[in-house]
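Here is what each chain is made of, one letter per residue.
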Amino acid sequence: MITIVDYGLGNLGSIVNMLRKLGIKCCLTGDPDKVAAAEKLILPGVGAFDNGMENLQRLGLIEILNARVLHDKVPVLGICLGAQLMTRRSEEGQLPGLGWVAADTIRFCSRQAMPDLKVPHMGWTDLSVPGETPLLEKNDEQRFYFVHSYHFLCDRAQDVIAVAHYGYGFTAAFCRGNIFGVQFHPEKSHRFGMALFKRFAALSVPAVELPSAA
Amino acid sequence: MRYRVIPVLLLRGAGLVKTERFKDAKYVGDPVNAVRIFNDKEVDELVFLDIEATVNDRSPDLEMLRNIAGECFMPLCYGGGVRDLPTIEAILKTGVEKVAVNSALVENPEMIREAARIHGSSTIVASIDFKRCLFGNAEAVVRSGRKKTKMDPVELARRAEDLGVGEILLNSIDRDGTMQGYDLEITQRVADAVKVPVIACGGAGSLAHFHDAIHKGHSSAVAAGAFFVFVGKHRAVLITYPAQEDLKRFVFRS
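Residues numbered from 1 in each chain as written. Chains lettered and ligands numbered in written order. Predicted model: local features only at pLDDT ≥ 70, side-chain atom pairs only at ≥ 80, totals over all residues.

(A) Representation of helix α6 (residues 190-202) of chain A. All names here are of chain A. A rise of 1.5 Å per residue sets the reference length of α6, with its 13 residues, at 18 Å; its end C-alpha atoms lie 19 Å apart and thus fit the reference within 8%. For α6, the full list of buried residues reads H190, F192, G193, L196, F197 and F200. Projection of α6 onto a plane perpendicular to its axis shows the buried side chains occupying an angular sector of 165°, all on one side. Of the surrounding secondary structure, the elements contacted by the buried residues of α6 are α1 (13-22), β4 (76-79) and β7 (143-148). (Helix = DSSP H or I, 4+ residues; strand = E, 2+ residues; numbered from the N terminus. Expected span 1.5 Å × (residues − 1). Buried ≥ 20, exposed ≤ 12 C-beta atoms within 10 Å, placed from the backbone. Arc of directions from axis to C-beta. Contact = placed C-beta atoms within 7 Å.)

(B) Just the packing of helix α8 (residues 207-215) of chain B against helix α10 (residues 244-252) of chain B, in detail. All names here are of chain B. Two numbers describe how α8 lies on α10: the axes approach to 8 Å, and their chain directions differ by 50°. It follows from the interaxial angle that α8 and α10 lie oblique. Note on element contacts: α10 touches α8 through D246, F250 and V251, opposite L207, A208, F210, H211 and I214. Its residues assigned to classes, the contact of α8 with α10 comprises six nonpolar, one polar and one charged. (Axes fitted to C-alpha atoms, helices over the stretch in contact; angles between N-to-C directions. Parallel < 35°, antiparallel > 145°, perpendicular 65-115°, else oblique. Nonpolar A, V, L, I, M, F, W, Y, C, P; charged D, E, K, R; others polar.)

(C) Inspection of the pairing of strand β11 (residues 179-182) of chain A at higher detail. All names here are of chain A. Going residue by residue along β11, you find I179 and G181 tucked away on one face and F180 and V182 tucked away on the opposite face as well. In terms of strand pairing, β4 meets β11 through four bridges, oriented parallel. Each bridged residue has a counterpart across the sheet, and for L77 the counterpart in β11 is F180. Two elements, strand β10 (residues 168-176) and β11, share four bridges in a ladder whose sense is antiparallel. When the bridges of β11 are listed, A173 appears paired with V182. Linking β10 to β11, which pair antiparallel, is a turn of two residues; within it G177 sits at a positive phi near 65°. (Pairing = 2+ DSSP bridges.)

(D) Representation of the nonpolar core in the model. Residue and element names in this part refer to chain B. In this structure, L46, V47, V99, I168, I199, V222 and A223 are the most contacted members of the largest nonpolar core, which totals 149 residues. Counting residues per element, this core draws most heavily on strand β1 (residues 4-12), at six residues. Excluding residues within four positions of it along the chain, A223 makes contact with I6, V8, V47, L169, I199, A200 and C201. (Core = buried A, V, L, I, M, F, W, Y, C linked by C-beta atoms within 7 Å.)

(E) Structural view of the interface of chain A and chain B. On the side of chain B, 21 residues touch chain A, which itself brings 17 residues to the contact. Going through the elements one at a time, α1, β6 (121-126) and β7 of chain A are the ones with two or more residues in the side of chain A that touches chain B. Among the residues making up the side of chain A that touches chain B, the classes are represented as seven nonpolar, eight polar and two charged.

(F) Summary view of the environment of V76 of chain A. Along the chain, V76 of chain A turns up in strand β4. Through-space distance from the C-alpha of V76 of chain A to that of D33 of chain A is 17 Å; in sequence the pair is 43 residues apart.

(G) Broad picture of the pairing of strand β8 (residues 138-142) of chain B. Residue and element names in this part refer to chain B. Burial analysis of β8 places four of its five residues in the buried class, the great majority of the element. Across four bridges, strand β7 (residues 124-132) lies against β8 in antiparallel orientation. Within β8, the position partnered with R132 by the bridge is A138. By the bridge criterion, three bridges tie β8 to strand β9 (residues 147-151) in an arrangement that is antiparallel. Note that in β9 the partner of V142 across the bridge is K147. Between β8 and β9, which pair antiparallel and follow one another directly, the connecting turn spans four residues, one of which, R143, has a positive phi of 55°.

Encoded structure:
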């Protein structure tokens, strides 16, 4: 069962639709108790960085997510803003991020001027997958739909599991242990997204005691 | 570099139609069935426009949108009868991720500014229809082409960008359904005037037309209607979409 964290931002229906099509069990919740019992998590989201962090804070989800992800090592997949929230900070906002990966979120062209580049980057882009990763098959075509004005900047090259090119090469996906983040929208990317969700659903769940209902 | 190639499907009642110069709507099929076919063809994105909602003062058919969105594993945009913020919210709840606005651009611009602020720029698409006038100038029109705005499409596009829309769907009424090629001059003028992506629409009949819209008209993406639903000179209804290899060879390459 995959728990999709509903913190009030973004279009979650399309993720549920695709998982349902694949026969992958999922539930949609913003309830901290249910998130605390999740065996696998998706952190979705579309919108502004500070809004995202404020909503997680307001719903009392930050500590529970930290415990479940950092301590219990539950596999988690961040999508778009959800993945950006996993970084330390974003040039879009003032609030600190969750800081699960050694990365920042920066605006397109914030480190190199490209006056002709239209931002947001909106459309389909092929990924290159530099190494082995459980999330993406290295030798398959990987074509995904992107809508974003900001992207990840990882400290460690080994955390980068996919690179895309728009004006210049940028990190399209990262992985640090059980933590995965993708900038693109697998839920809107046909069979390419379906393959990614299937691989995420097939990841083994760590053998940790689930907290009892009491 | 890839460019989006987007079918624009017109809703009238519960069916899909295709027009020529915004007239002579011909029935081309069932919307949910069309979505399934476009899924199989791995289409980049779909736009649905209800061409009668605004002129008949009707709200979007949310039940139909739910059925469409539930089958659509690609980005999906809906336009038609989008008058206020609650309507936009209701549309997004069905699983559609982009909402196109046309008449509201001139009739209720502050609503659009607010919608872009709340839901994010990339959620709101300005759909701008234009017509050539007697002496070759172009004028933006609203209400399914029935109401003049006295504005050049460039001016309306700049206003829309200022209101915070994330992209512009630019549609030539004179070329609609003709399959004779895009209005490249106006496409280029609008694309060069704004920073947000412009999607060229109206007139596509071949891959060469797509190529021209991007490389001569400077559009960021291309859209078409008749090209994806008709084949042959008798315009038999058949849903098609170009193969990726052909797009790479004839459209993406400069």
